[in-house]
Amino acid sequence: MKYPREVWAGSHIKNAPQMKRKIVRTKNEYVNFIKLQNNRTNLYTTVYDFGEFAEFAKIDSSVVLNRIFLDFDAHGDNLIHALTDLKIVLDYVYERNIEHTCFFSGRGFHLFLEGEQIDNIRPIQFFFRQIKEHLESNILHKSTLDERVGQSTRLRRIPNTV
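Note that the coordinates shown come from a computational prediction; the quantities given were computed from them, not determined experimentally.

## Describing the pairing of strand 7 (residues 108-118)
- Sheet topology places strand 5 (residues 63-73) next to strand 7; 8 bridges connect them, and they run antiparallel. The partner of I68 across the bridge, within strand 7, is L113.
- Counting the residues in the hairpin turn of strand 6 (residues 100-104) and strand 7 gives 3 residues, including G106, whose phi is positive at 105°.

## Side note on the packing of aromatic side chains
- This structure, assessed with the given rule, holds 7 aromatic pairs.
- An aromatic cluster of at least three residues, connected via ring pairs, comprises F69, F103 and F112.
- Over the face of the ring belonging to Y92 we find R96, whose NZ or CZ atom lies 3.5 Å from the ring centre.

## A closer look at the pairing of strand 3 (residues 42-46)
- For strand 3, the tally of buried residues reaches 5 of 5 residues, placing the bulk of the element in the interior.
- Pairing of strand 1 (residues 5-10) with strand 3, which is carried by 4 bridges, proceeds in the antiparallel orientation. The residue bridging A9 from the neighbouring strand is L43, located in strand 3.

## Things to note about unusual backbone geometry
- For the peptide bond that leads from Y3 to P4, omega is 0°, which places it in the cis range.
- By the element assignment, P4 lies in the segment before strand 1.
- Notably, N39 is not glycine yet its phi reads approximately 75°, a positive angle.
- Mapped onto the elements, N39 comes out in the loop between helix 1 (27-37) and strand 3.
- Judged by its relative accessible area of 60%, N39 falls in the exposed class.
- Positive phi is not limited to glycine here, since N160 has a value of about 65°.
- If you trace the backbone, N160 turns up in the segment after strand 8 (155-157).
- A residue is classified by how much of its surface remains accessible, and N160, at 79% relative accessible area, is exposed.

## With respect to helix 3 (residues 122-136)
- For helix 3, built from 15 residues, the straight-helix expectation of 21 Å at 1.5 Å per residue is met to within 8% by its first-to-last C-alpha distance of 21 Å.
- Every buried residue of helix 3 is listed here: I124, F127, F128, I131, K132 and L135. End-on view of helix 3: buried residues confined to an arc of 145°, all on one side of the axis. For helix 3, exposure combined with an orientation more than 90 degrees from the buried face picks out R122 and E133.
- The inward-facing, buried residues of helix 3 abut strand 5, helix 2 (79-95) and strand 7.

## A short note on the pattern of salt bridges
- If you walk through the whole model with that rule in mind, you get 13 salt bridges.
- The partner of R67 in a salt bridge is D49, and the shortest N-O contact between them spans 3.3 Å. Of the two residues, R67 sits in strand 5 while D49 sits in strand 4 (residues 49-50), which places them 18 residues apart along the sequence.
- R67 sits in the buried class, given a relative accessible area of 11%.
- By relative accessible area, D49 is classed as buried at 4%.
- Residue D146 pairs with R148 through a salt bridge whose shortest N-O separation is 2.8 Å.
- The class of R148 is partly exposed, set by a relative accessible area of 42%.

About the cut-offs
- Residues numbered from 1 in each chain as written.
- Predicted model: local features only at pLDDT ≥ 70, side-chain atom pairs only at ≥ 80, totals over all residues.
- Heavy atoms only, no water.
- Pairing = 2+ DSSP bridges.
- Helix = DSSP H or I, 4+ residues; strand = E, 2+ residues; numbered from the N terminus.
- Phe/Tyr/Trp six-rings, centres within 6.5 Å; stacked < 30°, edge-to-face > 60°.
- Lys NZ or Arg CZ within 6 Å of the ring centre and 35° of its normal.
- Buried < 20%, exposed > 50% of the residue type's maximum accessible area, 1.4 Å probe, protein only.
- Expected span 1.5 Å × (residues − 1).
- Arc of directions from axis to C-beta.
- Contact = heavy atoms within 4.5 Å.
- Salt bridge = Lys/Arg side-chain N within 4 Å of Asp/Glu carboxyl O.

Geometry only, nothing functional implied.
Structure, rendered in structure tokens:
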């Protein structure tokens, strides 16, 4: 993870007051943000890193596209389906020797596939479609893989937070 980065603390409760996204400029600010908010609300950060920041926000055009973020959501009681889907995709990733990181997200799993930095989102979208086709050809249930891929504004749960 690089700094600065955008973070957000928010509630899953509908109509609850929500904080604005904020920029943490250093790892120390990031850790302090987590210490202050953890166990009080859900904590999120951006999927991608950014090269440039204004005073209060990231500059979307400076997104660093060097990974694919896959989100396996266990809607309702389907954590087993999310785990099954993750295992199938991990087999695909291992066969291709792709560097990756995986986290339990609280309601499913986050999988990051690392790659070279590119200037265009299309290769990420293309590879995502290949993964999705592979996954769907190997499962009998509805896929838990989230369709949103390559969004520079996308947030993900900060690992190891409540």
